[in-house]
Amino acid sequence: MIEINKVSMLYQGGKIHALEEMSLQLKAGEFLFLVGPSGAGKSTLIKLLFREQLPTKGEIYFEGKDILAYKKEDILAHRRSIGMVFQDYKLIKQKTVFENVAFALEILGFSPKEIQQKVPKALEKVGLGHKENAFPKELSGGEQQRVGIARAIVKDPVLILADEPTGNLDRDNALEVMKLFENINEEGTTIIIATHAWDLVDRMQKRVVALSSGKLERDERGGYTHE
Ligand code: ADP
C-alpha cells in the first residue's frame, strides 16, 4: 500500500537532515508503530505521507500511485482517503461532539442524510454514543481523543495517521486509545502511529519501525522497542 524509496528531507539549505535515504514498505491492513527519540523524523514522515510536504529526494507510492507527482485535485483526494489523529485532538470548542465529527463529512460534501447515518455509528465505535451533545470542555482527555478518532474514521479512510495520539493522556486512557486503534485495524484500516510510549508499544505487539537521526534503525514485528 505504501512504498517509500530512499526518501530524504533536508531543511535549512541542507543543514538539517530530518530524513536520510529512508525506505519502508507497508501492506494494506498493517499496524505500524513509528518510534524514536524527539527529532528522529517521525512527524516529517507522517507529513510526507499526508502529502503536506514534498521530500528533497526519493519516491513515495501510495496504492501504486506516485503521490509526489500529484496535482492539487489529486492531493485533496489523497487526503480524503486518510484519517489524521493529533496529540492535541484539534477539536472545535464551540461545536458539540456530534458537530465536530459531522464537520469532517460536511467539508467533504456529504449530504445531511448521510451525516445523520454515519456520525452516530462512528461515535458508537469509540464508545461515545451517549456524549453526542457534549462540548469538548465537558470531556476528559481520553474522551476528547476518542472524538478525534471518531472524526478520523467517520469518512471510512484506508489509512489512519496518528502523531503522538496518547501524548497528553495518562496510562489508562492511553491504553484504551491504543486498543481502539487495534479494533479499527482489525476491521481492515491500515494504521501508522508515531509515539514515544514505549511501554504501550511493547504491550501491543505490532510492527515497530525505529528511526534515529532520520534513518531507519530497526524494523521488527512483535513489538519490542529496546535492545
Ligand atoms: P520527530 O517527530 O521524530 O520528533 P521531526 O520529524 O519533527 O522529528 O523532526 C526531524 C528533524 O527535522 C528535527 O531536527 C527537527 O528540528 C527538524 N525539522 C522538522 N520540521 C522542520 C522545519 N519545518 N524546518 C526546519 N527543521 C525542521
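Residues numbered from 1 in each chain as written. Predicted model: local features only at pLDDT ≥ 70, side-chain atom pairs only at ≥ 80, totals over all residues. Heavy atoms only, no water.

S.K.: So what exactly am I meant to see when it comes to the overall build of the protein chain here?
M.R.: Helix and strand content of the protein chain: 7 helices and 10 strands. Its C-alpha atoms give the protein chain principal-axis dimensions of about 50 × 40 × 30 Å. Looking at the protein chain as a whole, 50% of its 227 residues qualify as buried. Of the contacts formed within the protein chain by residues at least 6 apart in sequence, a portion of 68% connects residues at least 24 apart. Working note: accessible area of the protein chain is about 11,000 Å², and carbon and sulfur atoms make up 49% of it. Counting 32 positive and 33 negative side-chain charges, the protein chain places the averaged centre of each group 4 Å from the other. (Helix = DSSP H or I, 4+ residues; strand = E, 2+ residues; numbered from the N terminus. Buried < 20%, exposed > 50% of the residue type's maximum accessible area, 1.4 Å probe, protein only. Contact = heavy atoms within 4.5 Å. Areas by Shrake-Rupley, 256 points an atom, 1.4 Å probe, with all protein chains shown as cover. Lys, Arg positive; Asp, Glu negative; His and termini not counted. Charge placed at Lys NZ, Arg CZ, Asp CG, Glu CD.)

S.K.: Help me out: how do you make sense of the pattern of salt bridges in this one?
M.R.: Opposite charge on two side chains allows them to pair when their charged atoms are near. Enumeration over the complete set of coordinates arrives at 14 salt bridges. Among the salt bridges present, the one from K57 reaches E21, with a minimum N-O distance of 3.7 Å. One end of the pair, K57, is in strand β4 (residues 57-62); the other, E21, is in strand β2 (residues 16-26), and 36 residues separate them in sequence. The exposure class assigned to K57 is partly exposed, which follows from its relative accessible area of 47%. (Salt bridge = Lys/Arg side-chain N within 4 Å of Asp/Glu carboxyl O.)

S.K.: I keep staring at the site of the ligand and nothing clicks. Help me out?
M.R.: Taken together, Y11, I16, A18, P37, S38, G39, A40, G41, K42, S43 and T44 make up all the residues around the ligand. One of the backbone N or O atoms of A40 is found 3.1 Å from an oxygen atom in the ligand. For the ligand, the protein covers 64% of the area, taking 560 Å² as the surface of the free molecule. Contributions of two or more residues to the shell around the ligand are made by β2 and α1 (42-49). Looking at the shell around the ligand element by element, the count peaks at 3 residues for α1. The residue inventory of the shell around the ligand, partitioned by class, reads 5 nonpolar, 5 polar and 1 charged. (Near = heavy atom within 4 Å. Polar contact = N/O pair within 3.5 Å; in protein donor to acceptor, adjacent residues only side chain to side chain. Nonpolar A, V, L, I, M, F, W, Y, C, P; charged D, E, K, R; others polar.)

S.K.: Whenever I open this one, the packing of aromatic side chains confuses me. Can you help?
M.R.: Counted according to the given criterion, the structure contains 1 aromatic pair. Just above the ring of F103 sits the side chain of K95; from NZ or CZ to the centre is 4.8 Å. (Phe/Tyr/Trp six-rings, centres within 6.5 Å; stacked < 30°, edge-to-face > 60°. Lys NZ or Arg CZ within 6 Å of the ring centre and 35° of its normal.)

S.K.: Can you help me understand helix α3 (residues 97-106) in this one?
M.R.: Note: α-helices contain 3.6 residues per turn, so residues at a spacing of three or four share the same orientation. Of all the 10 residues making up α3, 7 are buried; the element is thus mostly covered by neighbouring parts of the structure. Residues V97, F98, N100, V101, A102, A104 and L105 constitute the buried set of α3. Buried residues along α3 sit against α4 (112-125) and α5 (141-153).

S.K.: What am I meant to see in the environment of A122 here?
M.R.: Its location among the elements puts A122 in helix α4. Between the C-alpha atom of A122 and that of R146, which follows or precedes it by 24 residues, the distance is 9.9 Å. Sequence-distant contacts of A122, defined by excluding residues within four places in its chain, comprise A150, I153 and V154.

S.K.: Got a minute to help me understand the packing of α5 against helix α6 (residues 171-186) in this structure?
M.R.: To describe two helices that pack against each other, one gives the angle between their axes and the distance between the axes. Orientation of α5 relative to α6, taken along the N-to-C sense of each, is 15°, at an axis distance of 10 Å. When the axes of α5 and α6 are compared, the pair comes out roughly parallel. Along this stretch, α5 crosses α6, giving a crossing that reads as right-handed. Across from G142, Q145, R146, I149 and I153 in α5, the residues of α6 making contact are N173, E176, V177, L180, F181 and I184. For the contact of α5 with α6, the per-class residue count stands at 6 nonpolar, 3 polar and 2 charged. (Axes fitted to C-alpha atoms, helices over the stretch in contact; angles between N-to-C directions. Parallel < 35°, antiparallel > 145°, perpendicular 65-115°, else oblique. Left-handed = near helix turned anticlockwise from the far one by under 90°.)

S.K.: Teacher, can you tell me more about unusual backbone geometry here?
M.R.: Most peptide bonds adopt trans geometry, and most residues besides glycine take a negative phi value. Its identity as a non-glycine residue notwithstanding, K90 has a phi of 55°, on the positive side. For K90, a relative accessible area of 44% corresponds to the partly exposed category. At E164, a position not held by glycine, the phi torsion is positive, near 50°. Inspection of the secondary structure puts E164 in the loop between β7 (159-163) and α6.

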